[in-house]
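Okay, here's what each chain looks like letter by letter:
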Amino acid sequence: MSLNFEAFARLRPLMPIQALVEAAGAAWKAPAPEDEGYVNYKGTDGMPVCGAYLDVENRLHKICFYRSFPGELVLEEVYIGMPVQAALDARPGMRPIDGSEGDEWAQRNVAVYRETNAVGDVMELRVRDGRLLAIELSRPGLTAPERPYKYADPRLTRAYNIVPGALAPLPATTRGASWHNGWCLGQPPGITTAQWPLSNTYGHPLRHAFTLRIPEDYRVHGTAYVALSLFVDEQFVELKSLVQIPGLPPSSGRDGMPGGDGRAEQPQLHPCSYRMLDALGCEYVALWLTETEFAGPLALPPGMAGHPQLQGTPEPGWRLGRSAPDWLLRSQPDMASYMEGLARPVAIEEREDPNAGKPAREWDHENQFSGYVPAFSDEGQALGLDRLHAMPHHLGGTMIPVQGYPPFSPYYFEFGEEFACFNFGGGVGQVDLEQMKIDWACG
C-alpha cells in the first residue's frame, strides 16, 4: 500500500482535504457522492487499516484508525494494540459509554471509551480482548455531505409492471393499440438511419433492445420526452475490436458530438441521447423520444458493409437471422426475430408496491431515511414483497437485484435478461432513468 502511515497518524479534525490527499498518496480517490464524505483504506488482506470523513467544506471531520494500522505509531499517547489499562492510564479523562449505545457495542464484545480533549475533539477508543481495537478522532458540530437519493421522493407514488407479449409482426407505421406502450426487440421508431447509434468498440450498429412508453410520473427528462429506446452492443458473438472510428462519440454521459451520415462517419446524434457503459465496458445508448418520434415510422439501421474498417469482420448476432450460430439460436431464439420483422408488444400495469418513490439500498441504516423495505427482509416478507420476484420487469418500486444494490434514484427500470435478449449471466439489470446509468449482476 502506498499510504503514508506516519502522515496519516498526524491527521486531525479541521485539517483541509489536501492533508488527506498527501497522506493517501497514490491510494487517494475522492469519495463518491454515495459515500457521504467517507474514504477508507484496506490492507492486502482486505481488512480496513484507516479511514477519514470529510465535511461539506472538505475539511477532516473524523479520522479512524483500525486494528491493522501500524501499532508502533502513537496517536495522542495511545496506539493500536495497546493494553487497555495502559491506555486509560495515558488518557485518564476517558470514560466508558453506557446506555443503548454501549449495549450495542457490548453485543459485539467491544467496550468503548470517550473523552473530549482541550481543543474540542472527541477521542474514542474501542477495546476488545483487553487491547485497543480502533481509535477515532472527530470534531462535533461539522456537517457531513448527504448522499443523493437519501430520502423518499413524495412526488412518486406508483410503480408499474412491464409485461412482454408474444412475438408478432411489428408494423412499420400506424401501429395499433397493442403497440401503444412499446415493444421489445424489433426496430426503434422515429429516428433517422443517421441517428442509429454505432458501437465505439466494434463499429457496427448497436442492437435495439426495446422502446418503452414511459408513464408520466417517470418522465424525468421533461414532459416532451415520452418514451425510451435502449440499444446495446454485441454481448454474444465474438467480434473484432476496432480502434475507435474517428468521430464516434466517447462512451460516457450524454452524447454531444456533431453528426455524419451514419455510415462511414459518425451518425447524427439524437438530441436526447445518452451513451452508457456497464461494469464490463459494454456500451448501451438510450434515446428519449418525443410523442411524434414514438409514433413515427420504424428506423432502418445503417448499412456498414462498405465501411473500410469493417471489411471481413463478422456481423453482430442480431443481424444474422436464421444464419446465426446454432448455439446462439438455441440460447436466444428471439434473436432471429430482428431479421423477420417481429417484436414483442408490452403491457404496462400499475402494481401495488409500498416502495414506490423510495430509493433502494442494501442496508437498514441506509433505508431508515427513505422507509424503503427490502423484499426479503423480515418486514418485506411480512408485507408480501417477496411475491414481486415473479415480476422482474418493472418501473420503480421494490428492486430485486441478484447481487448488490446500485446507488440509483427511485426512477429506474429493472428487467431480466430475457426481456430483450440481454446477456447478464442469468441476472437482472437496472437503468436509472434520472442519472442515465446502467447496472447489472449475474445470477
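Higher on the page you've got the structure.
What the protein contains, in helices and strands, is eight helices and 19 strands. The dimensions of the protein, computed from C-alpha atoms along their principal axes, are 85 × 50 × 40 Å. In the protein, buried positions account for 51% of the 443 residues. Considering only contacts in the protein between residues 6 or more positions apart, those separated by 24 or more positions represent 61%. Working note: accessible area of the protein is about 20000 Å², and carbon and sulfur atoms make up 52% of it. Charge centroids of the protein, computed over 36 positive and 55 negative side chains, lie 1 Å from each other.

A separate point is the sheet that holds strand S1 (residues 38–42). The antiparallel open sheet is built from seven strands, whose spatial order is S1-S2-S3-S7-S6-S5-S4. Sheet topology places S1 and strand S4 (95–96) at the edges, where each strand pairs with a single neighbour. By the bridge criterion, four bridges tie strand S3 (residues 60–65) to strand S7 (residues 131–138) in an arrangement that is antiparallel. Counted as the bridge partner of Cys64 is Glu136 from S7. Taken strand by strand, helix H2 (residues 17–24) contacts S1, strand S2 (48–54) and S3, and its axis lies near 160 degrees from that of S2.

Turning our eyes to something else, we now look at the nonpolar core. For soluble globular proteins, the rule of thumb is that nonpolar side chains tend to be buried together. Tyr218, Tyr284, Trp288, Phe419 and Phe422 are the most contacted members of the largest nonpolar core, which totals 65 residues. With seven residues, strand S12 (residues 225–232) is the largest single contributor of residues to this core. Val78, Val127, Leu132 and Ile135 belong to the second-largest nonpolar core, a separate cluster that totals 34 residues.

What follows deals with the packing of aromatic side chains. Think of a pair of aromatic rings as described by two things: how far the centres are apart, and how the planes are tilted against each other in angle. The full count for this structure, using the stated rule, is 25 aromatic pairs. Summarising the aromatic geometry, the rings of Tyr160 and Tyr218 are spaced 6.0 Å apart at their centres and angled 75 degrees between planes, so their arrangement reads as edge-to-face. Here Tyr160, found in strand S8 (residues 159–164), pairs with Tyr218, found in the loop between strand S11 (207–213) and S12; they are 58 residues apart in sequence, far enough to count as distant. Note on accessibility: Tyr160 and Tyr218 belong to one class, buried. Between Trp179 and Trp183, the ring centres sit 6.2 Å apart and the planes meet at 80 degrees, which makes this aromatic pair edge-to-face. Each residue in the set Phe210, Phe413, Phe415, Phe419, Phe422, Phe424 and Trp440 is aromatic and connected to the rest through ring pairs, giving one cluster. The lysine or arginine in question, Lys62, covers the ring of Tyr53, its NZ or CZ lying 5.1 Å from the ring centre. Above the ring of Phe369, the side-chain terminus of Lys150 is found at 4.2 Å from the ring centroid.

This part covers unusual backbone geometry. Non-glycine residue Glu77 carries a positive phi angle of around 75 degrees. Looking at where Glu77 falls in the secondary structure, it is placed in the loop between S3 and helix H3 (84–90). One non-glycine residue, Thr174, adopts positive backbone phi at about 45 degrees. Following the sequence through the fold, Thr174 ends up in the loop between strand S9 (168–169) and strand S10 (182–184).

A word on the pairing of strand S13 (residues 273–277). By the criterion of burial, S13 is predominantly enclosed, with four of the five residues buried. Sheet topology places S13 next to strand S14 (residues 283–290); five bridges connect them, and they run antiparallel. What sits directly across from Arg275, in S14, is Val285. Linking S13 back to S14 in an antiparallel pair, the connection comprises five residues, with Gly281 at a positive phi of about 85 degrees.

Here the focus is the environment of Pro359. Position of Pro359 among the secondary structure elements: in the loop between strand S15 (342–351) and helix H7 (364–367). Contacts of Pro359, omitting those with residues within four sequence positions, involve Tyr149, Tyr151, Ala152, Asn367, Ser370, Tyr372, Phe408 and Pro410.

The subject of this paragraph is the pattern of salt bridges. This structure, assessed with the given rule, holds 22 salt bridges. When the shortest N-O distance is used, the salt bridge between Glu146 and Lys150 registers 3.5 Å. Overall, the relative accessible area of 49% leaves Glu146 in the partly exposed class. Taking the relative accessible area as the measure of exposure, Lys150 reaches 10% and is therefore buried. Arg351 is paired through a salt bridge with Asp353; the nearest N and O atoms lie 3.0 Å apart. Side by side, Arg351 and Asp353 carry an identical accessibility label, which is buried. One salt-bridge network, in which partners are shared between bridges, spans Lys62, Glu101, Arg114, Glu124, Arg126 and Glu136.

Residue placement: Asp233 occurs in the loop between S12 and S13. It turns out Asp233 is buried and unbridged, and the closest side chain with the opposite charge, Arg275, is 7.0 Å from it. Other than its neighbours up to four places away in sequence, Asp233 contacts Ser199, Thr201, Tyr202, Leu206, Cys282 and Glu283.

Take the side chain of Gln235 next. Within the secondary structure, Gln235 is located in the loop between S12 and S13. Reaching out from Gln235, the side chain makes a polar contact with the backbone nitrogen of Asn423 at a distance of 3.0 Å. The contact partners of Gln235, leaving out residues within four places of it in the chain, are Arg207, Cys282, Tyr284, Cys421, Phe422, Asn423 and Phe424.

Conventions adopted
Residues numbered from 1 in each chain as written. Predicted model: local features only at pLDDT ≥ 70, side-chain atom pairs only at ≥ 80, totals over all residues. Heavy atoms only, no water. Helix = DSSP H or I, 4+ residues; strand = E, 2+ residues; numbered from the N terminus. Buried < 20%, exposed > 50% of the residue type's maximum accessible area, 1.4 Å probe, protein only. Contact = heavy atoms within 4.5 Å. Areas by Shrake-Rupley, 256 points an atom, 1.4 Å probe, with all protein chains shown as cover. Lys, Arg positive; Asp, Glu negative; His and termini not counted. Charge placed at Lys NZ, Arg CZ, Asp CG, Glu CD. Pairing = 2+ DSSP bridges. Axes fitted to C-alpha atoms, helices over the stretch in contact; angles between N-to-C directions. Core = buried A, V, L, I, M, F, W, Y, C linked by side-chain atoms within 4.5 Å. Phe/Tyr/Trp six-rings, centres within 6.5 Å; stacked < 30°, edge-to-face > 60°. Lys NZ or Arg CZ within 6 Å of the ring centre and 35° of its normal. Salt bridge = Lys/Arg side-chain N within 4 Å of Asp/Glu carboxyl O. Polar contact = N/O pair within 3.5 Å; in protein donor to acceptor, adjacent residues only side chain to side chain.

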